[in-house]
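Topology and contacts: notes
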Amino acid sequence: MPELPEVEAAVRRFRRKAVGRTIAKVTLLHPSLQRRITPARLRAIAGATIAAVERRGKHQLIHLDDGRILLAHFRMNGDWEYGNAGDDLQRFARATIDFTDDSRITFVDSRALGTIELHAAGTLPDLGLGPDAASASWTARQLGTSLAARKGPIKPALLDQKLVAGLGNIYASEALWRAKINPRTPCNTLTAKQVSDLRKAIAAVLKRAKGTRYTDDSTVHLDVYDREGVPCRRCKTPVVRFAQAGRSTYWCPVCQRN
DNA sequence: ATAGGCCTGGAC
DNA sequence: GTCCAGGCCTAT
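Numbering of residues begins from 1 in every chain and follows the order in which that chain's sequence is written. Chain letters start at A and ligand numbers start at 1, both assigned in the order the entries are written. This being a predicted model, a pLDDT of at least 70 is required before a residue's local features are given, and a value of 80 or more before pairs of side-chain atoms are given or counted; all residues contribute to the totals for chains, interfaces and linings. As a convention, hydrogens and water are excluded, and side-chain values are obtained from all of the structure's heavy atoms.

**Things to note about the packing of aromatic side chains**
The line we're drawing: For Phe, Tyr and Trp, rings pair up if their centres lie within 6.5 Å, where Trp contributes its six-membered ring, and each pair is then called stacked (planes under 30 degrees apart), edge-to-face (over 60) or tilted (otherwise). Helix and strand assignments follow DSSP, with helices taken as H or I runs no shorter than four residues and strands as E runs no shorter than two, numbered in order from the N terminus. Accessibility here uses a 1.4 Å probe with only protein chains present; expressed as a share of the type maximum, an area under 20% marks a residue as buried, one over 50% as exposed, and anything in between as partly exposed. Put simply, a charge is over a ring when the Lys NZ or the Arg CZ is close to the ring centre, within 6 Å, and near the line of the ring normal, within 35 degrees.
Under the counting rule described, the total for this entry stands at six aromatic pairs. Ring plane angle 15° and centroid distance 5.9 Å describe the contact between Phe 74 and Phe 107, whose orientation is recorded as stacked. Of the two residues, Phe 74 is situated in the loop between β4 (69–73) and β5 (79–84) and Phe 107 in strand β7 (residues 103–108); the sequence distance between them amounts to 33 residues. Each member of the pair, Phe 74 as well as Phe 107, carries the same accessibility label: buried. Ring pairing ties together the aromatic residues Phe 14, Phe 74, Trp 80 and Phe 107, which thus form one cluster. Directly above the ring of Phe 242 sits Arg 184, whose terminal nitrogen or CZ lies 3.7 Å from the centroid. Over the aromatic face of Trp 177 sits the side chain of Arg 234, whose NZ or CZ is 3.7 Å from the ring centroid.

Below you can see the structure in the form of structure tokens.
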């Protein structure tokens with residue numbers, strides 16, 4: 001998905017539907033998920049109650065009342081769908097969580113790259129995340145310090161969850177466009193003004209996307225992402241696409257010229 | 001830094 | 001068929 005705003009929206013819905021409910025059964029429908037949790041541990045989830053749900057970067061932590069944690073990550077395509085235990089499985093259903101009140105949450109994920117893991121109480125591994133992109137306490141100054149230690153281009157750096165957690169390929173391009181920064185700029189050559197503009201642009205882009213669901217995709221307003229050849233919204237120059245670290249970058253070669 | 005792998009679907 | 005895809009890990 002699913003970048004920070006979409007994961008945040010998913011977490012909120014999941015929280016509303018699941019907290020306080022008791023799990024009757026979790027079913028893993030796809031081999032890629034079955035490989036991650038043994039059948040015995042999976043069966044042992046029955047009877048646990050969902051205590052809390054939180055987002056860290058793009059990870060979702062589903063806390064059970066006994067301290068165990070279901071750790072979910074949507075990767076490219078995942079989302080939660082809601083229904084009842086008797087429903088027909090949706091296309092691309094990869095896992096179901098059935099509750100004792102017969103409600104059901106289904107993990108749908110067409111590419112099956114998403115993950116769900118179960119961690120025993122107190123055993124959650126380090127997720128390797130830097131400051132959360134949506135955190136108000138994450139400052140331009142902190143961002144500047146991190147960037148000063150890097151020599152590579154800024155755009156791939158924004159995808160590094162250790163630099164800042166939650167940005168993905170879409171909003172990285174969007175934020176750079178908004179801040180008028182060339183995606184090829186070496187991190188350690190950005191000026192203090194550019195770093196400040198970038199921090200503000202990230203906040204603005206995430207705020208605009210707030211509440212977005214992955215499946216509502218077409219309704220999201222984007223300025224450059226997936227707009228190759230389309231006139232830049234600021235200067236009318238056609239948007240250009242090129243690859244950085246194997247991922248598409250979109251930018252305006254005129255107003256992001258530096 | 002970059003390529004390949006994980007998976008599968010959709011656009012061409 | 002071929003290419004591309006909002007993520008991330010591992011190997012080179």
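**Thoughts on the sheet that holds strand β6 (residues 93–99)**
Applicable threshold: A pair of strands is labelled paired if DSSP reports no fewer than 2 bridges between them. Each axis is a line fitted through C-alpha atoms, taken for helices only over the stretch in contact, and angles between the N-to-C directions span 0 to 180 degrees. In this analysis, two residues are considered to be in contact whenever any of their non-hydrogen atoms come within 4.5 Å of each other.
Strand order in the open sheet formed by four strands is β1-β6-β7-β5, and the pairing between neighbours is antiparallel. Unpaired on one side and paired on the other, β1 (23–28) and β5 mark the two borders of the sheet. Each neighbouring strand pair of the sheet contributes to a mean axis angle of 20°, computed without reference to strand direction. With six bridges joining them, β5 and β7 adopt antiparallel strand pairing. Within β7, the residue paired with Asn 84 across the bridge is Ser 103. The sheet contacts of helix α1 (residues 4–18) involve β5, β6 and β7, and relative to β5 the element is tilted by about 25°.

**Points about the pattern of salt bridges**
The condition is simple: Here, a salt bridge means any Lys or Arg side-chain nitrogen found within 4 Å of an Asp or Glu carboxyl oxygen.
Counted by the stated rule, this structure contains 15 salt bridges. Arg 55 serves as the salt-bridge partner of Glu 8, at 2.6 Å between the closest nitrogen and oxygen. Taken together, the residues span a long stretch of sequence, with Glu 8 in helix α1 and Arg 55 in strand β2 (residues 50–56) at a distance of 47 residues. For the pair shown, Glu 8 and Arg 55 are each scored as buried. The salt bridge involving Asp 223 is made with Arg 208; its shortest N-O contact spans 3.1 Å. On the criterion of sequence distance, the pair formed by Asp 223 in the loop between α7 (192–209) and β9 (240–244) and Arg 208 in helix α7 is long-range, its members being 15 residues apart. Since its relative accessible area comes to 5%, Asp 223 is described here as buried. Via salt bridges that share partners, Glu 8, Arg 12, Arg 55 and Asp 132 belong to a single interconnected network.

**Comments concerning the packing of helix α6 (residues 169–179) against α7**
Definition in use: Here roughly perpendicular refers to angles of 65 to 115 degrees, roughly parallel to angles under 35, roughly antiparallel to angles over 145, and oblique to all remaining angles. By definition, turning the near helix anticlockwise from the far helix through less than a right angle yields a left-handed crossing, and turning it clockwise yields a right-handed one. Classification convention: Asp, Glu, Lys, Arg as charged; Ala, Val, Leu, Ile, Met, Phe, Trp, Tyr, Cys, Pro as nonpolar; all other residues, Gly among them, as polar.
With their axes 8 Å apart at the nearest point, α6 and α7 run at an angle of 125° to one another. The angle between the axes of α6 and α7 places the two elements in the oblique class. As α6 packs across α7, the resulting crossing turns out to be right-handed. Contacts between α6 and α7 involve Tyr 171, Glu 174, Ala 175, Leu 176, Arg 178 and Ala 179 from the former and Asp 197, Leu 198, Ala 201, Ile 202, Ala 204, Val 205, Leu 206, Arg 208 and Ala 209 from the latter. Classifying every residue of the contact of α6 with α7 gives 11 nonpolar, no polar and four charged.

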